[in-house]
Amino acid sequence: MSLKKIFLSEPHLGGEEIHFIHEAFDTNWIGSLGPHVTAFEQELAKYTGAAATSCVSSGTAAIHLALILAGVERGDEVICSTFTFAASANPIVYQGAIPVFIDSESSTWNMDPDLLEHAIKDRIAKGRKPKAVILVHLYGMPAHLDRILPICQKYDIPLIEDAAEALGSKFNQQQVGTFGLMGIISFNGNKIITTSSGGALLSNNAELCRKATFLATQARDNFPYYHHTHIGYNYRMSNVLAGIGRGQLKVIDQRVEARREIFNFYKSFFKSFEGVTLLEEPDDRFFSNHWLTTILLEPNITKITPDILRMALEKENIESRPLWKPMHMQPIFRDCPAYVNGVSEKLFQQGLCLPSSSSLTTDDLERIAYCIGHVFKNV
Ligand SMILES: *Cc1c(COP(=O)(O)O)cnc(C)c1O
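Residues numbered from 1 in each chain as written. Predicted model: local features only at pLDDT ≥ 70, side-chain atom pairs only at ≥ 80, totals over all residues. Heavy atoms only, no water.

### A few points about the environment of E43
Then comes step 1: Tracing the sequence through the fold places E43 in helix α2 (residues 35–48).
Then comes step 2: Judged by its relative accessible area of 28%, E43 falls in the partly exposed class.
Then comes step 3: With 122 residues separating them along the chain, E43 and E165 place their C-alpha atoms 19 Å apart.
Then comes step 4: Each residue touching E43, except ones within four places of it in the same chain, is listed here: R246 and L249. (Helix = DSSP H or I, 4+ residues; strand = E, 2+ residues; numbered from the N terminus. Buried < 20%, exposed > 50% of the residue type's maximum accessible area, 1.4 Å probe, protein only. Contact = heavy atoms within 4.5 Å.)

### Description of the sheet that holds strand β10 (residues 276–278)
Then comes step 1: Sheet architecture is open: 4 strands sit in the order β10-β12-β15-β13, paired in antiparallel fashion. Among the strands making up the open sheet, the edge pair consists of β10 and β13 (321–322).
Then comes step 2: As paired elements, strand β12 (residues 293–297) and strand β15 (residues 351–354) share 4 bridges and run antiparallel to each other. Opposite I295, over in β15, you have L352 as the bridge partner.
Then comes step 3: Along the sheet, helix α11 (residues 306–315) contacts β12, β13 and β15; its crossing angle with β15, the most-contacted strand, is approximately 25°. (Pairing = 2+ DSSP bridges. Axes fitted to C-alpha atoms, helices over the stretch in contact; angles between N-to-C directions.)

### Structural notes on the nonpolar core
Then comes step 1: Within the largest apolar cluster, 58 residues are counted, with the highest numbers of intra-cluster contacts made by Y139 and F187.
Then comes step 2: Listing elements by their share of this core, those giving two or more residues are α2, β3 (98–102), α5 (113–125), β4 (132–136), α6 (145–154), β9 (199–203), α8 (239–249) and α9 (252–270).
Then comes step 3: Counting residues per element, this core draws most heavily on α6, at 5 residues.
Then comes step 4: Residue contributions to this core reach at least three from each of two domains, namely domain 1 (17–251) and domain 2 (253–377).
Then comes step 5: Ignoring any residue separated from it by four or fewer positions in sequence, one finds F187 in contact with F40, L44, L167, I193, T194, T195, S196, S197, G198, G199, A200 and M237.
Then comes step 6: Counting 36 residues, the second largest nonpolar core, distinct from the first, contains A66, I92, L208 and C209. (Core = buried A, V, L, I, M, F, W, Y, C linked by side-chain atoms within 4.5 Å. Domains from an automatic or database assignment.)

### Some details on the packing of aromatic side chains
Then comes step 1: Counted under the stated rule, the structure contains 16 aromatic pairs.
Then comes step 2: Taking the centre distance of 4.9 Å and the plane angle of 45° together, the rings of F269 and F273 count as tilted. With respect to burial, F269 and F273 carry one shared label: buried.
Then comes step 3: Taken together through their ring pairs, the aromatic side chains of F265, Y266, F269, F270, F273 and F376 make up a single cluster.
Then comes step 4: The residue whose ring lies beneath K170 is F287, and the NZ or CZ to ring-centre distance is 5.2 Å. (Phe/Tyr/Trp six-rings, centres within 6.5 Å; stacked < 30°, edge-to-face > 60°. Lys NZ or Arg CZ within 6 Å of the ring centre and 35° of its normal.)

### A look at the site of the ligand
Then comes step 1: Close to the ligand lie 15 residues; G59, T60, E165, S186 and K191 are nearest.
Then comes step 2: In this structure, D162 approaches the ligand through a side-chain N or O atom, which is 2.8 Å from a nitrogen atom.
Then comes step 3: In this structure, K191 approaches the ligand through a side-chain N or O atom, which is 3.4 Å from an oxygen atom.
Then comes step 4: Among the residues forming the shell around the ligand, the class breakdown is 4 nonpolar, 8 polar and 3 charged. (Near = heavy atom within 4 Å. Polar contact = N/O pair within 3.5 Å; in protein donor to acceptor, adjacent residues only side chain to side chain. Nonpolar A, V, L, I, M, F, W, Y, C, P; charged D, E, K, R; others polar.)

### Topic: the pairing of β12
Within a regular beta strand, the side chains point alternately toward one face of the sheet and then the other, so they alternate between its two faces.
Then comes step 1: The element β12 is largely enclosed, with a buried count of 5 among its 5 residues.
Then comes step 2: The alternating pattern of β12 places T293, I295 and L297 on one face and T294 and L296 on the opposite face, and all of these are buried.
Then comes step 3: The pairing of β10 with β12 spans 3 bridges and is antiparallel. By the bridge assignment for β12, V276 is matched with L297.

### Comments concerning the domain arrangement of the protein chain
How big an interface is tends to be expressed through the accessible area that disappears when the partners come together.
Then comes step 1: Per the domain assignment, the segments making up the protein chain are domain 1 (17–251) and domain 2 (253–377).
Then comes step 2: Once you take the C-alpha centre of each, domain 1 and domain 2 turn out to be 25 Å apart.
Then comes step 3: Taken together, the 50 residues of domain 1 in the interface contact 37 residues of domain 2.
Then comes step 4: Across the interface of domain 1 and domain 2, roughly 3800 Å² is buried in total on both sides, 63% from carbon and sulfur atoms.
Then comes step 5: On the domain 1 side of the contact with domain 2, W109, Y139 and I192 bury the most area, a combined 21% of that side's loss.
Then comes step 6: At the junction of domain 1 with domain 2, the criterion picks out 1 salt bridge.
Then comes step 7: The salt bridge involving D146 is made with R285; its shortest N-O contact spans 3.0 Å. (Buried area = accessible area lost by both parts, 1.4 Å probe. Salt bridge = Lys/Arg side-chain N within 4 Å of Asp/Glu carboxyl O.)

Here's what the structure looks like:
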């Protein structure tokens, strides 16, 4: 008999979601738009502190809309973190634009501000001033906004924050995703809260969210008949899914707390392991939701590769995963300009994401710890 599967990050319902879904069914608001969408957008604005939000079908759709609203067009260049999931960069290509990738710095694993400024200067010198910057807060860790925001302002380039993994994370007490011109979050099933699938665009400029909603609903101009002055998209969130989101948002603080406790469990567990480090908040300006706890193995010391550990966990029905493979190393983005320093490549080689679901029990965590301890004992 094999033990219950432990997933990397699984949905964790709060209990109230079904009540909101029933309400949608009872009132026959099953389609897109509807009262749950409006309410969820308001509740999300309240929670994040953004002036407005627009709920859409995915985080990827939100990035696409943000790029359109930032004026990105065919042939333009858009700067993007290289250490991320492909969904951060793909919408640049949907627009016919060219991603320019920037490597990480080692304290937050996010975009290196010095490399960003170097790249902006270099692109400008080549007559290719970037149209936007997509900054990712990976694994829930806020990037160095204190440095990156002023650089974007200095060169007058709109900042789009990809906070898909970082709902509930803060920098200087302010929610990430609300620093730039626009921010995006994801409610995919593996994220800290979920609508099964979905996403949102945040902005302190309510007009941008209004425009995002317009584009996401097929860009129908305000006429009794169908009249179009823009190319539209079918990106709107359904009322049923917004109901799930409303239920999930009620428990977001508990979910953040649980993931932070899981991080603390791993941190104290690994204290006695030489050559193992975790992605930690660099100082107290940074508050991470610790969506995933991630470790780095120094193979000269541990004599264990991330792959050995991953396969040992797999054998015990425990899911772990390598860190994101940087975009500049992806075959599909091979020809894109990239400003690299080796940091993300090293992270990819030496890192591992550990199970971090907010629903993990103490028994689950002990089981994971026991398995990891066993691997290290037997080298
Ligand atoms: C999940 C994710 C996205 C995409 O969100 P979807 O809702 O799955 O489209 C974008 N960027 C990052 C960093 C993500 O982790």
